[in-house]
Amino acid sequence: MSEPVTVDARGLRCPLPVIRLARVARDLPDGATVTVLATDPAARHDVPAWARMRGHTILAVEDADDGVTAISVRLGAAPTP
Amino acid sequence: MKIKLSLIPLSSPPLLGLLTSSFVSFPHHTTSTPFFWADPRRLHSEGRRARLLLEGAREAIAGAVGARTEEVDLFGSPTLALHAAVRGVARGRRRAGRDVVVSAVERGAVLEAATFAAAQPWGAPGRRVDVPVDRLGRVDLDAWAAAVTAPGAAPAARQPANGEVGSTQPTAAAHELARRAGVPLLVDAGASLGHLPVGDAWDVLAADPGDWGAPGGLGGLVTRAGVRRAPDWPEDEDRWSPGGVFVPAALAAAVALQDALRTRAEADARRRELVRLIRDRVAAQTPDVEVVGDAEDRLPHVVTFSCLYVDGEALVGELDRLGFAVGSGSACASSALEPSHVLAAMGVLTHGNVRLALPRDVRADEVERFCDVLPDAVARVREMLGVQGL
């Protein structure tokens, strides 16, 4: 199990948070977990849409009080139970 | 001179000729002001004639939707009509309930009016109840049934078809559910009237003449007799639409509607085929694109797709440079900070969005040319962002 990775995309406007996340995800193995921090309101819709298009799994979407949304993604499909 | 192809309706040049002739065919008065610009509320002969023309316009709209002339009210814009519909019916129904049920993909004017009406101090505060949609933009009928039968539901609102993504809705089923619960249904036919049959599954129907090819500056509302409504605005001679409307705008809307209905079957078949062509070619020839909305059950003229890793503003600009005027629901392509609530509610990509609404007179060769240039245009925008291989 690799260490969780965080991508800081705060202050970036769409589509840059998704692009920054995809760049980091490219170099990680399936099963790795990446969390992206974003302030752009489109990220909460576009990160899940990107994950669906790329076959990744959304683990959590959390809104903090300071307007930052943290979205955690597990790369690759959900393991079959 | 290069003529730009508009893939969103900007104006309708052939219509202008039609309207001019319709104006000119009426007997002109000798004063410097043509009579149809007179205030229809005045009792002088010019005013009375303007009143007659206004009545004629209402009659034409009533005829197009199977209603009576007195059920039609006209407003200065579609937004004002939608506001008046939600506010008036919510207040009229205040003793039955305070909640306003809306589908999550209604136009912003409906959503905002619902929030506003539910918060008015006419008793216990209500709330706006959003009914979710699926990936294709279709309202979840079970959730709709639960929302309209819940205690406290006053009016409910949903479109027959969404103007942003084109998907149509099971309107008859939704109306039946609302009817059984005694909840009046507002149907925003703004994107449908003139393009699709609107049927009779509604209690209040909103119309957008700009969408059927009329000049802007008008909105329509048809309220079935028996729907209880009460204004939450000051009294006026025009009770439902304070201040009334500009008579030539109403006349133009009626003429344009009759023209749209007369040519609908032909325009429908032609544009459906072009929409299918665009959807197929975009999906096949541009990588990482989501073509949005139902493939078959849709408006005949609307196409929407979203391109992964693409800045919507840059793509609109690139297509503009190539001679195509297109719309977009991406936040990065408008002054809004939020992306399209319709795309968001559907759970599809909101960035890199392109929206086309094919005008009636769109040419097939121009549509083909759009499809030819799109893949490279998207590739260039992606290159600027350095996203190859992601």
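Residues numbered from 1 in each chain as written. Chains lettered and ligands numbered in written order. Predicted model: local features only at pLDDT ≥ 70, side-chain atom pairs only at ≥ 80, totals over all residues. Heavy atoms only, no water.

Novice: Would you mind showing me how to read the side chain of B:Glu71 here?
Specialist: Residue and element names in this part refer to chain B. Of note, Glu 71 is situated in the loop between α2 (45-65) and β2 (72-75). Among the polar contacts listed, one links the side chain of Glu 71 to the backbone nitrogen of Ala 225, at a separation of 3.0 Å. Non-local contacts of Glu 71, meaning those with residues more than four positions away in its chain, are made with Leu 221, Val 222, Thr 223, Arg 224 and Ala 225. (Helix = DSSP H or I, 4+ residues; strand = E, 2+ residues; numbered from the N terminus. Polar contact = N/O pair within 3.5 Å; in protein donor to acceptor, adjacent residues only side chain to side chain. Contact = heavy atoms within 4.5 Å.)

Novice: Help me understand the packing of helix α3 (residues 78-92) of chain B against helix α4 (residues 108-118) of chain B in this model?
Specialist: Think of two packed helices as two axes; the pair is described by the angle between the axes and how far apart they sit. Residues and elements named next belong to chain B. Here α3 crosses α4 at 30 degrees, and the two axes come no closer than 9 Å. In terms of orientation, α3 lies roughly parallel with respect to α4. In the crossing of α3 with α4, the sense of the turn from one axis to the other is right-handed. Note on element contacts: α4 touches α3 through Ala 109, Val 110, Ala 113, Ala 114, Phe 116 and Ala 117, opposite Thr 79, Leu 82, His 83, Val 86, Arg 87 and Ala 90. Taken together, the residues of the contact of α3 with α4 sort by class into nine nonpolar, two polar and one charged. (Axes fitted to C-alpha atoms, helices over the stretch in contact; angles between N-to-C directions. Parallel < 35°, antiparallel > 145°, perpendicular 65-115°, else oblique. Left-handed = near helix turned anticlockwise from the far one by under 90°. Nonpolar A, V, L, I, M, F, W, Y, C, P; charged D, E, K, R; others polar.)

Novice: Where do I start with the pairing of strand β5 (residues 153-158) of chain B in this structure?
Specialist: Every regular strand shows the same layout, with side chains that alternate between the two sheet faces. Residue and element names in this part refer to chain B. Of all six residues that make up β5, six are buried, and the element is covered over most of its length. Alignment of strand β3 (residues 99-103) against β5, held across three bridges, turns out to be parallel. Within the sheet, the bridge partner assigned to Val 102 lies in β5 and is Ala 157. Bridging between β5 and strand β6 (residues 185-188) involves three bridges; their strand directions are parallel. Across the sheet, Ala 156 pairs through a bridge with Leu 185, a residue of β6. Considered for its hand, the β-α-β crossover made up of β5, helix α6 (residues 171-180) and β6 is right-handed. (Buried < 20%, exposed > 50% of the residue type's maximum accessible area, 1.4 Å probe, protein only. Pairing = 2+ DSSP bridges. Right-handed = clockwise from strand over helix to strand, strands pointing away.)

Novice: What should I look at first to understand the packing of aromatic side chains in this one?
Specialist: The geometry of two aromatic rings is summed up by the distance between their centres and the angle between their planes. Residue and element names in this part refer to chain B. As enumerated under the stated definition, the model contains one aromatic pair over all chains in all. Stacked on the ring of Trp 144, the Lys or Arg Arg 158 has its end atom at 4.8 Å from the ring centre. The aromatic ring of Trp 240 is capped on one face by Arg 229, whose charged end is 3.8 Å from the ring centroid. (Phe/Tyr/Trp six-rings, centres within 6.5 Å; stacked < 30°, edge-to-face > 60°. Lys NZ or Arg CZ within 6 Å of the ring centre and 35° of its normal.)

Novice: Help me understand the sheet that holds strand β9 (residues 289-291) of chain B, please; the structure alone is not making it clear to me.
Specialist: All names here are of chain B. The sheet built from three strands is open, its strands ordered β9-β10-β12 with antiparallel pairing. Each edge of the open sheet is held by one strand with a lone partner, namely β9 and β12 (353-357). Averaged over all pairs of adjacent strands, the angle between strand axes in this sheet comes to 15 degrees, irrespective of strand direction. Relative to strand β10 (residues 302-307), β9 runs antiparallel, the two being bridged by three bridges.

Novice: Would you mind going over α4(B) with me for this structure?
Specialist: Within an α-helix, residues lying three or four positions from one another point in the same direction, as the helix has 3.6 residues per turn. Within α4(B) the residues assigned to the buried category are B:Ala109, B:Val110, B:Leu111, B:Ala113, B:Ala114, B:Ala117 and B:Ala118. Those residues of α4(B) that are buried lie in contact with α3, β3, β4 (128-131), β5, β6 and α10 (341-346) of chain B.

Novice: It is not clear to me how the interface of chain B and chain A should be interpreted in this structure. Could you clarify?
Specialist: In many analyses, interface size is given as the accessible surface area lost on bringing the parts together. Residue-level contacts link 26 residues of chain B with 18 residues of chain A. Interface area lost by chain B to chain A is led by B:Tyr309, B:His351 and B:Leu390, which between them contribute 27%. Viewed at the interface, chain A and chain B are joined by two salt bridges. Linking chain B with chain A are nine residue pairs in polar contact (both at pLDDT 80 or more), by the criterion used here. Residues belonging to the side of chain B that touches chain A are distributed by class as follows: 15 nonpolar, six polar and five charged. (Buried area = accessible area lost by both parts, 1.4 Å probe. Salt bridge = Lys/Arg side-chain N within 4 Å of Asp/Glu carboxyl O.)

Novice: Would you mind showing me how to read the side chain of B:Thr223 here?
Specialist: Residue and element names in this part refer to chain B. Tracing the chain through its elements places Thr 223 in strand β8 (residues 219-223). Take Thr 223: its relative accessible area is 6%, and that puts it in the buried class. A distance of 3.3 Å separates the side chain of Thr 223 from the side chain of Arg 229, its partner in a polar contact.

Novice: When you look at the sheet that holds strand β4 (residues 69-74) of chain A in this model, what are you seeing that I'm missing?
Specialist: Hydrogen bonds along the backbone pair up the strands of a sheet, which may run parallel or antiparallel. Residues and elements named next belong to chain A. Ordered by their spatial adjacency, four strands build an open sheet running β1-β2-β4-β3, and the pairing between neighbours is mixed. Edge positions in the sheet fall to β1 (5-9) and β3 (57-63), since each of these pairs with one other strand and no more. On average, each strand axis in the sheet is inclined to that of its neighbour by 20 degrees, with strand direction left out of account. Both strand β2 (residues 33-38) and β4 contribute to a ladder of six bridges, which runs antiparallel. Bridge pairing links Thr 33 to Arg 74 in β4. In the packing of helix α1 (residues 16-26) onto the sheet, the strands contacted are β1, β2 and β4, and the crossing angle to β1 comes to about 150 degrees. Relative to β4, helix α2 (residues 43-54) is tilted by about 5 degrees, and along the sheet it contacts β2, β3 and β4.

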